[in-house]
Amino acid sequence: MELIQGVNEWKRVVQPALESKADELEMMGYSQATPDDVWNCLVKKVWKGEPDKRIYEVVQDIFHMASNTYLSYLTLSSYQNEDLMASIAALTGAEDTTEE
């Protein structure tokens, strides 16, 4: 009988595969690639949540994740961070004008 679990329950078990994928991405020029980044990319781009999978499916998804998927994840994260910083700046600027 094969064990099926939510993908987050497999994270600790598949850590070596995540490290390998992060190393591969680093060799391709993504110097900031970490196992946690790879995992977050999979959750947001490949799995879109926490589906139930077998361990071999999770490992297969890790190793088959394309570099363009990771690049798309980084780009989206960058835009979200910029939007957050713009929102903080707007709020800070709004607070400054009300204090005057």
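Residues numbered from 1 in each chain as written. Predicted model: local features only at pLDDT ≥ 70, side-chain atom pairs only at ≥ 80, totals over all residues. Heavy atoms only, no water.

Colleague: Looking at this structure, I do not really get the overall build of the chain. What am I missing?
Modeller: Looking only at helices and strands, one finds five helices and two strands in the chain. A buried classification covers 26% of the 100 residues belonging to the chain. Looking at the chain alone, contacts between residues at least 24 apart form 72% of all its contacts between residues at least 6 apart. (Helix = DSSP H or I, 4+ residues; strand = E, 2+ residues; numbered from the N terminus. Buried < 20%, exposed > 50% of the residue type's maximum accessible area, 1.4 Å probe, protein only. Contact = heavy atoms within 4.5 Å.)

Colleague: Explain the pattern of salt bridges here, please?
Modeller: Opposite charge on two side chains allows them to pair when their charged atoms are near. Tallied over the full model, the rule gives three salt bridges. For Lys21, the salt bridge goes to Glu24, with nearest N and O atoms at 3.3 Å. Residue Lys21 and its partner Glu24 are both found in helix α2 (residues 15-27); the two are separated by three residues, about one turn of the helix. Residue classification places Glu24 among the partly exposed positions, given a relative accessible area of 32%. (Salt bridge = Lys/Arg side-chain N within 4 Å of Asp/Glu carboxyl O.)

Colleague: Whenever I open this one, α2 confuses me. Can you help?
Modeller: Since the α-helix advances by 3.6 residues per turn, residues separated by three or four positions end up pointing in the same direction. Its 13 residues give α2 an end-to-end C-alpha distance of 18 Å, which sits within 8% of 18 Å, the value for a rise of 1.5 Å per residue. Along α2, the residues that are buried comprise Ala17, Leu18, Lys21, Ala22 and Leu25. The buried residues of α2 occupy an angular sector of 140° when the element is viewed end-on, so they sit on one face. Within α2, the exposed residues directed more than 90 degrees away from the buried face are Pro16 and Met27. Gly29 occupies a position one or two residues after α2 and carries a positive phi of about 110°. (Expected span 1.5 Å × (residues − 1). Arc of directions from axis to C-beta.)

Colleague: Before we go on, may I ask you to explain helix α4 (residues 55-64) in this structure?
Modeller: Looking only at α4, the buried set comprises Val58, Asp61 and Ile62. On an axial view of α4, the arc spanned by its buried residues comes to 100°, and they lie on one face. Against α1 (7-10), α2, α3 (35-46) and β2 (52-54) lie the buried residues of α4.

Colleague: Explain a nonpolar patch on the surface to me, please; I cannot follow it from the model alone.
Modeller: A cluster of nonpolar side chains, Val13, Ile55 and Tyr56, forms an exposed patch at the surface whose accessible area comes to about 260 Å². Summarising the element assignment, Tyr56 is placed in helix α4. With relative accessibility at 47%, the residue Tyr56 sits in the partly exposed group. (Patch = residues over 30% accessible without salt bridge, like charges linked within 9 Å, V, L, I, M, F, W, Y side chains within 5 Å. Areas by Shrake-Rupley, 256 points an atom, 1.4 Å probe, with all protein chains shown as cover.)

Colleague: Explain the nonpolar core to me, please; I cannot follow it from the model alone.
Modeller: Generally speaking, nonpolar side chains in soluble globular proteins are found buried as a group. Counting residues in hydrophobic clusters, the biggest one holds 20 residues, and the most contacted among them are Val58 and Tyr70. Contributions of two or more residues to this core are made by α1, α2, α3, α4 and α5 (67-99). Every residue in contact with Tyr70, bar those within four places of it in the chain, is listed here: Leu25, Tyr30, Gln32, Ala33, Thr34, Asp37, Val38, Cys41 and Met65. (Core = buried A, V, L, I, M, F, W, Y, C linked by side-chain atoms within 4.5 Å.)

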